[in-house]
Amino acid sequence: MTRPRVVLGVAGGIAAYKAVELLRQLTETGHDVTVVPTRAALAFVGAPTWAALSGKPVADDVWTDVHEVPHVRLGQAADLVVVAPATADLLAKAAHGLADDLLGNVLLTARCPVVMAPAMHTEMWEHPATRANVALLRARGVLVVEPAVGRLTGADSGKGRLPDPVELAALCRQVLAGTPQDLVGRRVVVSAGGTREHLDPVRFLGNRSSGKQGYALARAAAARGAEVVLVSTATLPDPAGVTVRRVVSALELRDAVLAEAKEADVVVMAAAVADYRPVERLTTKRKKTSSMTVELVQNPDVLAELVALRARDQTAARRPGQVLVGFAAETGDADAGVLGHGRAKLARKGCDLLVVNEVGETGHPTGFEGDQNAATVLAADGSSVDVPLGSKDALAAVVLDLVAARLPLA
Ligand code: CTP
């Protein structure tokens, strides 16, 4: 089997050192990677590093190995071009088709998917010139990944960090696998993980949800071009291009999801939201007594609220045709089987899709904690899709296919 051919373009920013890890991730997962740095990138990380890790010669100009016509051959033969980091200067050049170095030529000759992961100071990212260049590149089909928020060079922090290289590599693999760009211009909100309802500063009521399925959904939506907000209780690495809002309790999750949902085209409630919270949260540690009674009060049902708000609020502020997706982890009982409970829940909640999966004790192959899942996706129109045991990424892809088919035309 031929290895997928990737051109890794590296522009001249301090985050070039992180592209070394991206290169390793890609080569170790069987990709044939040619690194094309800009002249400025070589000031940060030298050609020997790129050559040693890619196993290929490295050039930044069009005058090396001219007989092999690298300025057109590399782009033509690539299955994916990923530029990481993409500086403000690189984005400007790419938007205007400048080709005064090898990377510029590659970008003009490539007919494969192109991913750009910008990294720069917040002011540069927010400058109208950069905004216009990014909009132009996106309109031409380039997947421009939103930078992460956090520590920047020097003492500054803000939006502009290169996403985690492991997550960037995962995004590249999804694009190489042929993930459609059908969520460009859409805003997707995903909730993930189990909420924690605190009894006192050290103890909480929780559940076994790891958040992995929600993260897989957020990752897949970003790879399909969506603007993604992940409201999460988990501490997994932030998926590339996804804005993560961390929350702890059901009430915090509710506030974050309802605020983000106002302008969302899609809301996927993959979080395991606690149905109850303690009436009282002690501010000091509860001392041991011979027995203990905890009074619980019901939490709001976020998904039901989203359905009610969608029905009530048809103003321009709320996107028309919002698609709402719920999850239901069921065990089945004396009253009904897993799917019976699922259908009743879909009708009760009023969402468009309900992803129903069977869960059990530790060691059960689907659902909580593991990397695999199997589910039946029930739709409000009565149809259903069975997703056999496979990766959580595979289930995420099916869910997003069904979501995309239900979105109103852009
Ligand atoms: N959910 C929610 N708010 C809650 C509880 C659940 O938004 N307070 C959402 C979950 O994120 C999930 C869906 O509702 O998408 C179904 O969750 P589940 O706990 O199965 O539903 P419940 O209505 O609590 O039903 P059950 O009686 O089976 O616990």
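Here the structure is a predicted model, which means the values were calculated and not measured.

1. Observations regarding the site of the ligand
Inference 1: The environment of the ligand is formed by 14 residues, the closest being M269, A271, L303, F327 and K345.
Inference 2: M269 is positioned such that a nitrogen or oxygen atom in its backbone is 2.7 Å from an oxygen atom of the ligand.
Inference 3: Within the backbone of P300, one N or O atom sits 2.9 Å away from a nitrogen atom of the ligand.
Inference 4: Against a free-state accessible area of 580 Å², the protein chains account for coverage of 77% of the ligand.
Inference 5: Under a 2 Å grid-point criterion requiring more than half of the atoms, the pocket assigned to the ligand is the largest pocket.
Inference 6: Mapped onto the shell around the ligand, the elements with two or more residues apiece are α12 (302-312), β16 (323-330) and α13 (338-349).
Inference 7: Here the shell around the ligand takes three residues from α13, the largest share from any one element.

2. Structural notes on the domain arrangement of the protein chain
Inference 1: Considered domain by domain, the protein chain is made up of domain 1 (5-176) and domain 2 (187-406).
Inference 2: Computed from C-alpha atoms alone, the centre-to-centre distance between domain 1 and domain 2 is 35 Å.
Inference 3: Counting residues at the interface gives eleven residues for domain 1, matched by eleven residues for domain 2.
Inference 4: With both chains or domains summed, domain 1 and domain 2 bury close to 890 Å², and 61% of this area falls on carbon and sulfur atoms.
Inference 5: Counting the surface domain 1 buries against domain 2, the share from its top three residues, E167, L171 and Q174, is 56%.
Inference 6: Our enumeration of links across domain 1 and domain 2 arrives at one salt bridge.
Inference 7: Here E167 makes a salt bridge to R219, at a shortest N to O gap of 2.9 Å.
Inference 8: There are one residue pair in polar contact (both at pLDDT 80 or more) connecting domain 1 and domain 2.

3. A word on the packing of aromatic side chains
Each pair of aromatic rings is reported with the distance of its centres and the angle of its planes.
Inference 1: Enumeration over the complete set of coordinates arrives at zero aromatic pairs.
Inference 2: Taking NZ or CZ as reference, R131 lies 4.5 Å from the ring centre of W125, over its face.

Conventions and cut-offs
Residues numbered from 1 in each chain as written. Predicted model: local features only at pLDDT ≥ 70, side-chain atom pairs only at ≥ 80, totals over all residues. Heavy atoms only, no water. Near = heavy atom within 4 Å. Polar contact = N/O pair within 3.5 Å; in protein donor to acceptor, adjacent residues only side chain to side chain. Areas by Shrake-Rupley, 256 points an atom, 1.4 Å probe, with all protein chains shown as cover. 1 Å grid on protein atoms, 1.4 Å probe; cavity = no way out; pocket = protein on both sides within 12 Å on 5 of 7 lines; lining within 4 Å. Sits in = over half its atoms within 2 Å of the grid points. Helix = DSSP H or I, 4+ residues; strand = E, 2+ residues; numbered from the N terminus. Domains from an automatic or database assignment. Contact = heavy atoms within 4.5 Å. Buried area = accessible area lost by both parts, 1.4 Å probe. Salt bridge = Lys/Arg side-chain N within 4 Å of Asp/Glu carboxyl O. Phe/Tyr/Trp six-rings, centres within 6.5 Å; stacked < 30°, edge-to-face > 60°. Lys NZ or Arg CZ within 6 Å of the ring centre and 35° of its normal.

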